[in-house]
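One-letter residues, chain by chain:
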Amino acid sequence: MSVLSVRDLTVTYYTQAGPVPAVRGVDLAVDKGEVLGLAGESGCGKSTIVNAILRLVPPKTKVTGQILLDGEDVTAMKPGRLRAVRWSGMSVIFQGAMHALNPVQRIGNQIAETITIHGQADEKGAQVRAGALLEQVGLPPRRLRDYPHELSGGQKQRVMIAMALACQPDVVIADEPTTALDVMVQAQVLKLLKELQRELGLAMLFITHDLSVLVEVCDRLAIMYAGKIVEEGPSVEVFRDAKHPYTTALSGAFPQIGDRRFRMAPSGLPGDPPFPGGVPEGCSFHPRCPLAFDECPTVEPELYPAGDGRRAACLLVPRGERTPVAP
Amino acid sequence: MSETMPAVSSPLPNAREPVLAVRDLHVRFAGRVGLWQGLRGAKPADARAVDGVNLELYPGEVLALAGESGCGKTTLARTIMGLERPRSGDIFFEGKPLGRGTRMLREYRRRVQMVFQDPTAALNPRQTIYESIAEGLRVHSITRGSGGESEEQLVARALSAAGLRPPERFYLNYPHELSGGQRQRVVIAGALVLDPEIIVADEPVSSLDASVRGEILKLLLGLRNELNIAMLVVTHDLGLAWTIADRVAVMYLGRIVEIGPAESVLTNPIHPYTRALLKVVPEAGGIDRPFLAGEPPDPTSIPPGCRFNPRCPEVASGAAEAAGVLPACQKQDLGLQELRAGHFAACHLMSREAGVESAPAPPPLER
């Protein structure tokens, strides 16, 4: 059974301009020891999914569907239960670690606080465990006494990873964990995350706009567009041989160096991703789709089976017509 | 300051005169020490952000400038734009040294335009698109185009050239009414309206959505092809360099350590640092390869010898010692040496393997 599963999730924000359906029916499942990557552009709803799973959406937001953590519905949890589950059942690594740490507390105390609050150890035990956690993320334990400003961006993100692991959660959600980091440091942090995930057998939901990063660390990929998943499957296959034209375009934005097809040939899509309040009728991607045909503006595609553990929401898939691979 | 431009150090095959040349450029930012350390006699160390750079940009070429954060690539671009004052060194535009005089800088700033990373920050939120673009013309007191066009015709032409068509539709919009990609097009139109010879673009697509990036890159490449505008593109993304650059320069700790034709640099790099940078470009199917350890280095304390030697995998693996160049790596600073046609690198080991002497380092900053 999946450690985390999301069933038919919809999230609607209520704004002054009216309801904004940010997530429009999403199913996801992450098994133990598996990394699921969720990719998409700004406004596609990927961060809203994270916030819904963690129950961090604004109070007036309407959330329907189920979010099951080890079989227990997060959307129905009482506040006390929720507090217990957060950090020990599932934890999160936010983007911008720079701002997530308390600037006036030593990092050791910040890590230890998580452990003592969840009653997993006393003060002393928590400090010992915090030191062990720092070592696990590649920092010397003497750094426990440092304040956040004494650490570099990459080191702060390592501390955030240590905190996320402090209470031995089953699920770790990483929301753009490396976006603010330098290329070299990003690679180091990604490698660390992947190694820890493997070692601890964690289930992980990894969210970023950078498809090339996801392909590197994830087992499976789900591609989101305008509040829905448009393609899903094993990561390398999805990246190399996309079934949905949007995935094809997204892969094309991350050229492989040495690949002649990309040399002096940047590829992109005309137009912009739709605003969540104004999603087009039919297939939401059709106004930008290079392969759109007469049915696309009226028929909304569902996720059709597209071979080996893969699904894609494109009307061309059930017709057996393959979309071309990246340009 | 010398009146004539010294001989070109890195000619392209069939090279013309460079439109822009940078000679032994040094930019430093003053360091600070705390009061207590100052009282105890500590001296502040300057950050050597650009530490002896030589570079040419040829008419109509796209040159990508790559490196880690803090390597000085943005400072170099800003100094070329005249936004930072160099401590020493010269910038030559069309063969003539760039003076510090206001009139000369003004003319230069018309012909060299900058595109910034974040279009939202680059545009005035309370100015309409028309005003934003016409402002450049007004600042430079241009009331008529070279063919006698009116201001409106010039603005309309720039907007269309940047892919905002029909241009009239955007005149009265404010930046917040446009998408990120459109805003970056407005910024590019603002550069184009002044009919520049050079565009310096600092991470032009990194704040944009992935599916929009390609279109902006296509636009930049099209401008080069149609208007023969030379471009210096600062980027941390080597994949981007592969898609649009003719040449690639790799910077490390304030110095260019490798420069050459994009295909040669990116598929067959010479310098160990370039190889390390290419290794961190994400690859499909796994992350189990070794990466360069450590943080971006500190420009206030540049190590002696080859500035990369403390992190160099060739030094760590003993390859440098086996080739007998280790003492040089640790003690002897060096410059760019042509190791393949038009492809230069600053590496003692690679020079030794090619059977040539390492090039001398660029002259240090005179005190």
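See the structure printed just above.
Residues numbered from 1 in each chain as written. Chains lettered and ligands numbered in written order. Predicted model: local features only at pLDDT ≥ 70, side-chain atom pairs only at ≥ 80, totals over all residues.

### With respect to the overall build of chain A
Moving on, step 1. Looking only at helices and strands, chain A has 10 helices and 12 strands in total.
Moving on, step 2. For 327 residues, the compact-globule formula gives about 20 Å, and the C-alpha radius of gyration of chain A, at 21 Å, lands near that figure.
Moving on, step 3. Considered along the principal axes of its C-alpha atoms, chain A spans approximately 70 × 50 × 40 Å.
Moving on, step 4. Relative to its 327 residues, chain A shows a buried fraction of 50%.
Moving on, step 5. When contacts within chain A are restricted to residue pairs at least 6 apart in sequence, those whose partners lie at least 24 apart make up 64%. (Helix = DSSP H or I, 4+ residues; strand = E, 2+ residues; numbered from the N terminus. Rg over C-alpha atoms; globule rule 2.2 N^0.38 Å. Buried ≥ 20, exposed ≤ 12 C-beta atoms within 10 Å, placed from the backbone. Contact = placed C-beta atoms within 7 Å.)

### Describing unusual backbone geometry
Residues and elements named next belong to chain B.
Moving on, step 1. In this structure, the amide linkage connecting arginine 165 to the following residue, proline 166, adopts the cis form with an omega of -10°.
Moving on, step 2. Its location among the elements puts proline 166 in the loop between helix 6 (151-161) and helix 7 (180-192).
Moving on, step 3. One non-glycine residue with positive phi stands out, namely serine 141, at about 50°.
Moving on, step 4. By the element assignment, serine 141 lies in the loop between helix 5 (129-139) and helix 6.
Moving on, step 5. A tally of 7 C-beta atoms within 10 Å means that serine 141 is categorised as exposed.
Moving on, step 6. One non-glycine residue with positive phi stands out, namely asparagine 228, at about 55°.

### Some points on the environment of A:Thr48
Residues and elements named next belong to chain A.
Moving on, step 1. Here threonine 48 is to be found in helix 1 (residues 46-53).
Moving on, step 2. Between the alpha carbons of threonine 48 and valine 11 there is a distance of 7.5 Å; along the sequence they are 37 residues apart.
Moving on, step 3. Apart from the residues lying within four places of it in its own chain, the contact partners of threonine 48 are Val11, Ala22 and Val23.

### Description of the interface of chain B and chain A
Moving on, step 1. At the junction of the two partners, chain B supplies 35 residues and chain A supplies 42 residues.
Moving on, step 2. Among the elements of the structure, helix 8 (210-227), helix 9 (238-244) and helix 10 (262-267) of chain B are those that each provide at least two residues to the side of chain B that touches chain A.
Moving on, step 3. Here the side of chain B that touches chain A takes nine residues from helix 8 of chain B, the largest share from any one element.
Moving on, step 4. Of the residues assigned to the side of chain B that touches chain A, the class counts are 17 nonpolar, 11 polar and seven charged. (Nonpolar A, V, L, I, M, F, W, Y, C, P; charged D, E, K, R; others polar.)

### What about the environment of A:Lys78?
Moving on, step 1. With respect to the secondary-structure elements, A:Lys78 resides in the loop between strand 5 (72-73) and helix 2 (79-85).
Moving on, step 2. In this structure the C-alpha to C-alpha distance between A:Lys78 and A:Gly252, which are 174 residues apart in sequence, comes to 45 Å.

### A short note on the pairing of strand 1 (residues 20-29) of chain B
Residue and element names in this part refer to chain B.
Moving on, step 1. Of all 10 residues in strand 1, eight are buried; the element is thus mostly enclosed.
Moving on, step 2. Bridge count between strand 1 and strand 4 (residues 88-93): five bridges; the pairing is antiparallel. Paired with valine 22 across the strands is isoleucine 91, a residue of strand 4. (Pairing = 2+ DSSP bridges.)

### A look at the packing of helix 4 (residues 107-117) of chain A against helix 6 (residues 153-165) of chain A
Residues and elements named next belong to chain A.
Moving on, step 1. The contact between helix 4 and helix 6 brings their axes to 9 Å, and the two run at 20°. Classified by the angle their axes make, helix 4 and helix 6 are roughly parallel. For the crossing formed where helix 4 meets helix 6, the hand is right-handed. Only Val159, Ala162 and Met163 of helix 6 make contact with helix 4, whose side of the interface consists of Ile107, Gln110, Ile111 and Thr114.
Moving on, step 2. A per-class count over the contact of helix 4 with helix 6 returns five nonpolar, two polar and no charged. (Axes fitted to C-alpha atoms, helices over the stretch in contact; angles between N-to-C directions. Parallel < 35°, antiparallel > 145°, perpendicular 65-115°, else oblique. Left-handed = near helix turned anticlockwise from the far one by under 90°.)

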